[in-house]
Each structure stands twice: as C-alpha cells, then as structure tokens.
Amino acid sequence: MKIEGLLVDLVPLGERFNALEHRWENGEAAFWGDVGDRQFVSLAVVKRRQEERAARKDQELHSGFGIQAKDGTPIGLFVVGDIKPHLRLGILGVQIGEPQYWGGGYGTDALLLIVDYAFDWLDLRRLWLVTMSLNARVTRQMEKVGFALEARQRRATLADGAWHDLLFYGVQREEWPGREAMIERLGLRAQG
Ligand SMILES: CC(C)(COP(=O)(O)OP(=O)(O)OC[C@H]1O[C@@H](n2cnc3c(N)ncnc32)[C@H](O)[C@@H]1OP(=O)(O)O)[C@@H](O)C(=O)NCCC(=O)NCCS
C-alpha cells in the first residue's frame, strides 16, 4: 500500500523505517520536533515507542506512515496520534529525519497527503499540532496551507538556552479545501 504524492509517498512503517528511527531521534530533526529538547534517546526507548505505537494502532488510536522520496529512500515519519474516536480529532507529528530533505517541499507534500487521509479515510473532523516559534519551516508551512494559529503559550519552551513560544495550530474538516485544490493553490509540481 502506498499513498502517492508529488515528491514523496507515504508507505507503511516497518523495519526499514524502524531501523533509522534511532538515528533520527538523536539527530537535528528531534530537536525541532521535540520543541528544543536535546536528549539522548536509547535504542531500547525507541523500540519501546515503536511497540507502543503498534499497540495504539491496533486500538485505532494512532496511524502512522513512513515518508519516502520518489526514489524509494526513507526520509521520515508522519503520524496522526492521540486519536480521540469519540471527538474525531488527532494530533499530527512529523519528522523528516534527513535534514538534506528540509525546505524542499517534501514536508508540505506529505502534509497534504496525511490531512486528506485523516479527514477522508479516518473520518476525523479536526487536526492539530504544536511547534515552537523558532521553527520557521513549520510556521511558514502552516501559513501556506491555512491552518489556524489557535493558541500561543508565551516563552514556554527552552531551545539552546533561549525561551520560545509554543504555537498550537489546528484545522477543521470543513475548512480544508482538499489536496488537489491545495496543490493548485500552492503551485506544487512533481520533480522534473
Ligand atoms: C517540519 C518539516 C516536516 C517541514 O518539511 P519541509 O520539507 O522542510 O518543509 P517545506 O519545504 O515543504 O516548507 C517549508 C517552508 O519553509 C521555508 N523555509 C525553509 N527553511 C526556512 C528557514 N530556515 N527559515 C524560514 N523559512 C524556511 C521553505 O522555503 C518553505 O516555504 P516555501 O515553500 O514558501 O519556500 C521538516 O522540516 C522537518 O521534519 N523538520 C524537523 C522536525 C520538525 O520540525 N518537525 C515538526 C514539529 S511540529
């Protein structure tokens, strides 16, 4: 199974991605994803998280994909986590673990795929995420795709010795124009 985008595909998580996650969790992507934390994460912890994810998937509280470039290279993970079935909402979590793929539109391509998937397939009605104000790639992306800035916790996280705000973004199903319309709006194209 593969959900096909223009620059990336979303594919089932499995050994190929699991094997890379330990490096990604201890790299630069984790600093941005964990809003400024720089912790060493042991292999045992990564494996336990992977098992917990699989268990939550079985209970339909979590849905995750590997992100791979069009040449098949695994570059990151995208999850809809903490799904509340009675409220039909979930939190988005993304990590492109390979920094050379940042800023090239890969994350936006993956985001459009996962939002459509969450609304059309999981039948959620609201998605949200949290980032830090320092994370310009995410704030720019949120602006581009029209997620609303719903809350700001001022100076709530510490990144490399400086305080930054936590930003909470959300989108409701009726606000989402759909991937095709968003591709058109953003002028996204497959790589030539
Ligand atoms: C967040 C993430 C998935 C975004 O994916 P991406 O492929 O890097 O993002 P895109 O290239 O699609 O979009 C980023 C936008 O920010 C812009 N941008 C890139 N670097 C920037 C920088 N340092 N400052 C300001 N803007 C920047 C890009 O130009 C692009 O905007 P544009 O399309 O108008 O040119 C990816 O960067 C990532 O995994 N980062 C590390 C982990 C992380 O931050 N996770 C998210 C936690 S909420």
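What comes next is a walk through the structure.

The rules behind these values
Residues numbered from 1 in each chain as written. Predicted model: local features only at pLDDT ≥ 70, side-chain atom pairs only at ≥ 80, totals over all residues. Near = placed C-beta within 6 Å. Helix = DSSP H or I, 4+ residues; strand = E, 2+ residues; numbered from the N terminus. Nonpolar A, V, L, I, M, F, W, Y, C, P; charged D, E, K, R; others polar. Buried ≥ 20, exposed ≤ 12 C-beta atoms within 10 Å, placed from the backbone. Axes fitted to C-alpha atoms, helices over the stretch in contact; angles between N-to-C directions. Parallel < 35°, antiparallel > 145°, perpendicular 65-115°, else oblique. Left-handed = near helix turned anticlockwise from the far one by under 90°. Contact = placed C-beta atoms within 7 Å.

Around the ligand sit 23 residues in total, of which Trp 32, Ile 96, Gly 107, Thr 108 and Ala 136 are the nearest. Broken down by element, the residue count for the shell around the ligand peaks at 6 residues, all from helix H5 (residues 136-145). Residue composition of the shell around the ligand, by class: 9 nonpolar, 11 polar and 3 charged.

Another aspect to go through is unusual backbone geometry. Backbone geometry at Asp 82 places phi at a positive 45 degrees, although glycine is not the residue there. Look at Asp 82 and you get partly exposed, because 14 C-beta atoms sit within 10 Å. Of note in this structure, Asp 160 is not a glycine but carries a positive phi near 50 degrees. Along the chain, the position of Asp 160 falls in the loop between strand S7 (148-159) and strand S8 (162-172).

On to the packing of helix H4 (residues 106-121) against helix H6 (residues 179-186). How two helices pack is summed up by the angle between their axes together with the distance between the axes. Packing of H4 against H6 leaves a shortest axis separation of 9 Å and a crossing angle of 155 degrees. As far as their axial angle goes, H6 and H4 are roughly antiparallel. When you trace H4 past H6, the crossing you get is right-handed. The segment H4 lies against H6, with Leu 112, Leu 113 and Asp 116 engaging Arg 179, Met 182 and Ile 183. Its residues placed into classes, the contact of H4 with H6 shows 4 nonpolar, no polar and 2 charged.

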